[in-house]
Amino acid sequence: MGKVVVVTSGKGGVGKTTSSAALGAALAQSGDKVVVVDFDVGLRNLDLVMGAERRVVYDLVNVIQGEAKLAQALIRDKRLETLYLLAASQTRDKDNLTAEGVEKVIAALKKTFDWVICDSPAGIERGATLAMRHADVAIVVTNPEVSSVRDSDRIIGLLDSKTLKAESGERMEKHLLLTRYDPARAERGDMLKVDDVLEILSIPLLGIIPESMDVLRASNVGSPVTLADGRSAPAIAYFNAARRLKGEELPVTIPGEKRGFFGKIFGRKAA
Amino acid sequence: MKFFQLFSRPQSAPAARERLQVLLAHERASAGDSDLVAKLRDEILRAISKHMQIDDDKVSVKMERGDKVSTLAVDIEIPFDAGRKAA
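Just so it is clear, the structure is predicted and the values come from calculations on it, not from any experiment. (Residues numbered from 1 in each chain as written. Chains lettered and ligands numbered in written order. Predicted model: local features only at pLDDT ≥ 70, side-chain atom pairs only at ≥ 80, totals over all residues. Heavy atoms only, no water.)

Caption draft 1: Examining the overall build of chain B more closely. Secondary structure summary: chain B contains four helices and two strands in total. Counting from the amino terminus, helix and strand elements in chain B follow one another as α-α-α-β-β-α. Only carbon and sulfur atoms are counted for the fraction: they give 55% of the accessible area of chain B, which is about 7100 Å². (Helix = DSSP H or I, 4+ residues; strand = E, 2+ residues; numbered from the N terminus. Areas by Shrake-Rupley, 256 points an atom, 1.4 Å probe, with all protein chains shown as cover.)

Written out as structure tokens, the structure is:
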């Protein structure tokens, strides 16, 4: 039986889709069988970030409405044999997602995949609550910025009340993924530090993804960053986050924190 | 680094941290309240409708939390002929 992971945040634009693709790929690169499911009906983007935008024939809504079989809608990644994508519908709206339909699809995916990664839409409406509904584990993607932290706090509240796990009295496992982190700005006191965010949200840290050009470069070419440039700082951070997700005890390091003399003078802004 | 800071703008991260801590303390406390407010509204509505007929959506109950005192504002609109209808 696979694990269902929801990647959520409340706020938009913090890196849910990028992180879903990168973590999904990292897990698949370690040999696990992974499917990444886009729940952002009407505004799908996971297909684009993963470079499969021209291969989408059937989507999640088609499967839920019985217009296609699940196997027909699953798109296998061209680079990784163990990585699959289930796209969201671009033409319909989120009302086409039914609770029973989502439940059936998730249950079927759990049987064949080690990881079912649900890429949640922004907001706290139907799409977001359905994406988190069946999760075993939640990854809360947060930027070190006040509005993102506030929205994450709200999402944590929903994870603890509106999920199946919470409703059956179980504790929902939640992890913080801090993205777009700029250690130089945090050091200067112009960005919330890792410890500040951890203290405020008080959930365990899964990883810190540094602000980096490599992330944009990867999405430009339609490749998860762990596949596009496996040795880049964000890729390494995602690989480590994936290992922690698999239960490995791995200390979290702040990327790019060690700066030499020249780094201090010239390297004030991360690339 | 410290030397340069003497001449630069004050740090903004501590302000962000403090504002968030105050705000979230409020928001977390009031998250459970919405339930309480709904219950209060229900009971107030029931108590009044024993004596006069009122519209369900004409009753508004608001709770505002302060540091020392919280206020509960109840606003009920009673129609002109409410008493007669109930009687």
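Caption draft 2: The UniProt feature "domain: CobQ/CobB/MinD/ParA nucleotide binding" (unreviewed entry) in chain A, seen in detail. The UniProt feature table records "domain: CobQ/CobB/MinD/ParA nucleotide binding" (unreviewed entry) at residues 5–225 of chain A. Segment residues 5–225 of chain A splits into 40% helix and 19% strand. End C-alpha atoms: 19 Å apart. (UniProt positions renumbered as here; feature names shortened; annotations may be inferred.)

Caption draft 3: Region of the structure containing the sheet that holds strand E2 (residues 34–38) of chain A. Residue and element names in this part refer to chain A. Overall, mixed pairing links the eight strands, which are arranged E3-E4-E2-E5-E1-E6-E7-E8 in an open sheet. Since the sheet does not close on itself, it has two edges, and those belong to strand E3 (75–76) and strand E8 (205–210), each with one partner. Here strand E1 (residues 3–8) pairs with strand E5 (residues 115–119) via five bridges, running parallel. Residue pairing across strands places Val 4 opposite Val 116, the latter belonging to E5. The sheet strands contacting helix H5 (residues 99–112) are E1, E2, strand E4 (83–86) and E5, and the helix crosses E5 at an angle near 145°. Most of the contacts of helix H10 (residues 194–201) go to strand E7 (residues 173–181), to which it runs at about 150°, and overall it touches strand E6 (137–142), E7 and E8. (Pairing = 2+ DSSP bridges. Contact = heavy atoms within 4.5 Å. Axes fitted to C-alpha atoms, helices over the stretch in contact; angles between N-to-C directions.)

Caption draft 4: The pattern of salt bridges, seen in detail. By the definition in use, this model includes 16 salt bridges over all chains. Among the ionic pairs, Asp 32 of chain A bridges to Lys 246 of chain A, the shortest N-O distance being 3.3 Å. Linking Asp 32 of chain A in the loop between helix H1 (16–29) and E2 with Lys 246 of chain A in the loop between helix H13 (233–245) and helix H14 (261–266), this pair joins segments that are 214 residues apart in sequence. Classification of Lys 246 of chain A as partly exposed rests on a relative accessible area of 41%. Notably, a salt bridge pairs Asp 153 of chain A with Arg 28 of chain B, separated by 2.4 Å at the nearest N-O pair. Pair noted here: Asp 153 of chain A is in helix H7 (residues 146–159) and Arg 28 of chain B is in helix H2 (residues 13–31), and the two residues belong to different chains. (Salt bridge = Lys/Arg side-chain N within 4 Å of Asp/Glu carboxyl O. Buried < 20%, exposed > 50% of the residue type's maximum accessible area, 1.4 Å probe, protein only.)

Caption draft 5: Spatial organisation of the packing of H10 of chain A against H2 of chain B. At a minimum axis separation of 10 Å, H10 of chain A and H2 of chain B run at an interaxial angle of 10°. Put simply, H10 of chain A runs roughly parallel to H2 of chain B. In this structure, the crossing between H10 of chain A and H2 of chain B has a hand that is right-handed. Residues Asp 196, Glu 199, Ile 200 and Leu 201 of chain A of H10 of chain A touch H2 of chain B, and the partners they reach there are Arg 17, Leu 20, Gln 21, Leu 24 and Arg 28 of chain B. Across the contact of H10 of chain A with H2 of chain B, the residue classes break down as four nonpolar, one polar and four charged. (Parallel < 35°, antiparallel > 145°, perpendicular 65-115°, else oblique. Left-handed = near helix turned anticlockwise from the far one by under 90°. Nonpolar A, V, L, I, M, F, W, Y, C, P; charged D, E, K, R; others polar.)

Caption draft 6: Fine view of the packing of aromatic side chains. All names here are of chain A. The full count for this structure, using the stated rule, is one aromatic pair over all chains. Judged by centre distance (5.4 Å) and plane angle (70°), the ring pair of Tyr 84 and Phe 113 falls under edge-to-face. Of this pair, Tyr 84 sits in strand E4 while Phe 113 is found in the loop between H5 and E5, placing the two residues 29 residues apart along the sequence. Residue classification places Tyr 84 among the buried positions, given a relative accessible area of 17%. You can call Phe 113 buried: its relative accessible area is 3%. The ring of Phe 113 carries Lys 33 above its face, with NZ or CZ at 4.9 Å from the centroid. (Phe/Tyr/Trp six-rings, centres within 6.5 Å; stacked < 30°, edge-to-face > 60°. Lys NZ or Arg CZ within 6 Å of the ring centre and 35° of its normal.)

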